[in-house]
Amino acid sequence: MKRNTATVASFFRPAAAAVLLLLFFGWDEQARAHPVDRPFSPVLRHPQTYRDVGQVSEHHHLEICCLHANILDYYLTNILHHTNNDHAQMHRLKTNLHRISTDLQAHGCNVTQYHDHKNAVDFRTKLEKMEKMKGITKAISELDILFSYLQDYCVEPRNSTDA
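With an unreviewed UniProt entry as reference, the protein is termed Interleukin 22, source organism Maylandia zebra.

Asker: Before we go on, may I ask you to explain the state of the cysteines in this structure?
Answerer: Two cysteines, two sulfur atoms, one covalent bond between them: this is a disulfide. Counting across every chain of the model gives 2 disulfides. Two residues, Cys-65 and Cys-154, share a disulfide whose sulfurs are 2.0 Å apart. Taking the sign of the torsion about the S-S bond as the criterion, the disulfide between Cys-65 and Cys-154, at about 115 degrees, is right-handed. Remark: Cys-154 occurs in helix α6 (residues 143–154) and Cys-65 occurs in helix α2 (residues 47–79); sequence separation between them is 89 residues. Residue classification places Cys-65 among the buried positions, given a relative accessible area of 5%.

Asker: I tried to follow the side chain of Arg-124 on my own but got confused; where do I start?
Answerer: Mapped onto the secondary structure, Arg-124 falls in helix α4 (residues 118–129). At 4.9 Å, Asp-116 is the nearest oppositely charged side chain to Arg-124, a buried residue that forms no salt bridge. Once residues lying within four places of it in the same chain are set aside, the contact partners of Arg-124 are Asn-70, Tyr-74 and His-115.

Asker: Help me understand the pattern of salt bridges, please; the structure alone is not making it clear to me.
Answerer: Should the charged atoms of two oppositely charged side chains come close, the side chains can pair. In total, this model carries 2 salt bridges according to the counting rule given. Among the ionic pairs, Asp-122 bridges to Lys-118, the shortest N-O distance being 2.6 Å. In this pair, Asp-122 and Lys-118 both sit in helix α4, 4 residues apart, roughly one turn of the helix. Overall, the relative accessible area of 56% leaves Lys-118 in the exposed class. Between Lys-138 and Glu-142 there is a salt bridge, with its nearest N and O atoms 2.4 Å apart.

Asker: Any chance you could explain the packing of helix α3 (residues 90–106) against α6 here in plain terms?
Answerer: Between two packed helices, the angle of one axis relative to the other and the distance separating the axes together describe the packing. Viewed as axis vectors pointing N to C, α3 and α6 meet at an angle of 35 degrees, and their least axial separation amounts to 13 Å. Considering how the two elements wind past one another, α3 and α6 form a crossing that is left-handed. Along its contact with α3, which presents Leu-93, Leu-97, Ile-100 and Leu-104, the element α6 presents Leu-143, Phe-147, Leu-150 and Cys-154.

Asker: Is there a simple way to explain α6 in this structure?
Answerer: For an α-helix the count is 3.6 residues per turn, leaving residues at separations of three or four pointing the same way. The first and last C-alpha atoms of α6 sit 16 Å apart over 12 residues, in line with the 16 Å expected at 1.5 Å per residue. Along α6, the residues classified as buried are Leu-143, Leu-146 and Leu-150. The buried residues of α6 all sit within an arc of 60 degrees when viewed along its axis, so they share a single face. Pointing more than 90 degrees away from the buried face of α6 are the exposed residues Asp-144 and Asp-152. In this structure, the buried residues of α6 make contact with α2, α3 and α5 (132–141).

Asker: I tried to follow α3 on my own but got confused; where do I start?
Answerer: Look at α3: 24 Å from first C-alpha to last across 17 residues, which is about the 24 Å you get at 1.5 Å a residue. Summarising the contacts, the buried residues of α3 are in contact with α2 and α6. Two residues or fewer past α3, Gly-108 is found with a positive phi of approximately 110 degrees.

What counts as what
Residues numbered from 1 in each chain as written. Predicted model: local features only at pLDDT ≥ 70, side-chain atom pairs only at ≥ 80, totals over all residues. Heavy atoms only, no water. Disulfide = S-S within 2.5 Å. Helix = DSSP H or I, 4+ residues; strand = E, 2+ residues; numbered from the N terminus. Buried < 20%, exposed > 50% of the residue type's maximum accessible area, 1.4 Å probe, protein only. Lys, Arg positive; Asp, Glu negative; His and termini not counted. Salt bridge = Lys/Arg side-chain N within 4 Å of Asp/Glu carboxyl O. Contact = heavy atoms within 4.5 Å. Axes fitted to C-alpha atoms, helices over the stretch in contact; angles between N-to-C directions. Left-handed = near helix turned anticlockwise from the far one by under 90°. Expected span 1.5 Å × (residues − 1). Arc of directions from axis to C-beta.

In structure tokens form, the structure reads like this:
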């Protein structure tokens, strides 16, 4: 009986060690999975870091805004003037888009600066490869996408208290 107990104990020691080892690794993995439990460097909570992030992000938004202002200018000079006011709102749309383009340029978007930007070149190249009316139709059908980008990157977000 003593021998059986010793055999059982000798069997359970490595098993218990293995279980403890697995639990340790499991806790270690969990600790690595939750970095918020570890202390961060002070710059993460420093107000200057937040200001710097905001300024860089704002600059990025301005670049994207002006890139899309360049594409809008392309629409006004190369796409929309080919339409014969087939739609009742086309004249008003052209007028409003021209006003938006003028406003963006008045607020600092130099649309010619983005003429050689890869995305603008790719956009124009794809349209120019298409048959003329197919390219115009495709561009007009994607006007809502352009307008969404202009809203997202060119319009300052309102505070929820302003609404």
